[in-house]
Amino acid sequence: TFCTFCKNNFGTICFEQVSSFNAHGIRHCQYDLVYYGNNRGTERDKIIKSIFSDPDFNVVTWGYEVDWPNVTVNKYCSHEELFKNLCTNAWATVILGDATHNNNFFTARFFESMMLDLVGFIWTDYDKDRKFIKNEELKEFIYISNNAELKEKLARIKSDEKFYRH
């Protein structure tokens, strides 16, 4: 698929090496979702599988090696390489944690998603009390508890210009 304006292929930078926006201010992403991290074999892996293996999502992973047909897998890499590659390819990620992380503190993923220009949807178990986001409108949009909510909100991001135009 190509940029409508300059005909650049997805993954080819139209604007800057660190931006998913082309020179026309239009965002274009090859993947719906990205997951970066490793497979620790903890309880969060069930949630990861329920979200990221859904065939309705086109997913890229970095460091999380799976054999799901809808997922493009990349080996674990440095943060510098990750940041250079991630921000040009995906619309969003889902922020979740192990039981020890849930409802008690921010993990790095919370901040990394902002740095990478990704929408960081927050899995409700990660912040059951919804205390991490103060803005009520953003709070209503950013928290998800199932794939149906994620699909609806991701579709909104991709179709509503206020979400993707710089």
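That block above? That's the structure.
Right, let's walk through the structure included here. (Residues numbered from 1 in each chain as written. Predicted model: local features only at pLDDT ≥ 70, side-chain atom pairs only at ≥ 80, totals over all residues. Heavy atoms only, no water.)

This part is about the sheet that holds strand β1 (residues 31–36). Two pairing modes exist for strands in a sheet, parallel and antiparallel, and in both the strands are linked by backbone hydrogen bonds. Reading across the sheet, the six strands line up as β3-β2-β1-β4-β5-β6 and stay open at both edges, with parallel pairing between neighbours. Strands at the two margins of the open sheet, each flanked by one partner only, are β3 (71–74) and β6 (143–144). By the bridge criterion, four bridges tie β1 to strand β2 (residues 59–62) in an arrangement that is parallel. Within β2, the residue paired with Leu 33 across the bridge is Val 59. (Pairing = 2+ DSSP bridges. Helix = DSSP H or I, 4+ residues; strand = E, 2+ residues; numbered from the N terminus.)

Evaluated as defined, the whole model comprises five salt bridges. Where Asp 54 meets Lys 151, a salt bridge forms, and the shortest distance between an N and an O atom there is 3.0 Å. Linking Asp 54 in the loop between α1 (44–52) and β2 with Lys 151 in helix α5 (residues 147–159), this pair joins segments that are 97 residues apart in sequence. Look at Lys 151 and you get partly exposed, because its relative accessible area is 29%. The network of salt bridges with common partners includes Asp 54, Asp 56 and Lys 151. (Salt bridge = Lys/Arg side-chain N within 4 Å of Asp/Glu carboxyl O. Buried < 20%, exposed > 50% of the residue type's maximum accessible area, 1.4 Å probe, protein only.)

Mapping Gly 120 onto the fold places it in strand β5 (residues 119–123). Given the relative accessible area of 11%, Gly 120 is considered buried. Those residues in contact with Gly 120 that sit more than four places away from it in its chain are Thr 93, Ile 95, Ser 113 and Ile 142. (Contact = heavy atoms within 4.5 Å.)

Below, the discussion takes up the nonpolar core. One finds Leu 33, Phe 52 and Phe 121 to be the most contacted residues of the largest nonpolar core, which totals 31 residues. Looking at this core, the elements with two or more residues in it are β1, α1, β4 (90–95), β5, α4 (136–142), β6 and α5. Apart from residues no more than four positions distant in its own chain, Leu 33 is found in contact with Ile 51, Phe 52, Phe 57, Asn 58, Val 59, Val 60, Ala 90, Ala 92, Thr 93, Leu 150 and Leu 154. Trp 62, Cys 77, Ala 90 and Leu 116 belong to the second largest nonpolar core, which has ten residues in total. (Core = buried A, V, L, I, M, F, W, Y, C linked by side-chain atoms within 4.5 Å.)

In this section: α1. Burial in α1 covers these residues: Arg 44, Asp 45, Ile 48, Ile 51 and Phe 52. Looking straight down α1, one finds that the buried residues subtend no more than 130° of arc, so they occupy a single side. (Arc of directions from axis to C-beta.)

Of the two faces of β2, both are covered, the one formed by Val 59 and Thr 61 as well as the one formed by Val 60 and Trp 62. In the sheet, β2 pairs with β3 via four bridges, with the strands oriented parallel. The partner of Trp 62 across the bridge, within β3, is Asn 74.

Aromatic ring pairs are described here by two measures, namely the spacing of the ring centres and the angle between the planes. Scanning the model with the defined rule gives five aromatic pairs in all. Each ring, one from Tyr 64 and one from Trp 68, has its centre 6.3 Å from the other, and the planes form 45°; the classification is tilted. Under the relative-accessibility criterion, Tyr 64 is labelled buried at 2%. Measuring from centroid to centroid gives 5.6 Å for Tyr 126 and Phe 132, while their planes differ by 70°, and the two rings are edge-to-face. As far as burial versus exposure is concerned, Tyr 126 and Phe 132 are alike and both buried. An aromatic cluster of three or more residues is present, and its members are Tyr 35, Phe 52, Tyr 64 and Trp 68. (Phe/Tyr/Trp six-rings, centres within 6.5 Å; stacked < 30°, edge-to-face > 60°.)

Looking now at helix α3 (residues 108–115). Where α3 is concerned, the buried positions are Phe 110, Glu 112 and Ser 113. Positioned one or two residues after α3, Asp 117 has a phi angle of 65°, which is positive.

A separate point is the side chain of Lys 153. Along the polypeptide, Lys 153 turns up in helix α5. Look at Lys 153: it is buried, it has no salt bridge, and the nearest opposite charge is Glu 149 at 4.8 Å. Excluding anything up to four places from it in sequence, Lys 153 contacts Phe 121, Glu 140, Phe 141, Ile 142, Tyr 143 and Ile 144. (Lys, Arg positive; Asp, Glu negative; His and termini not counted.)

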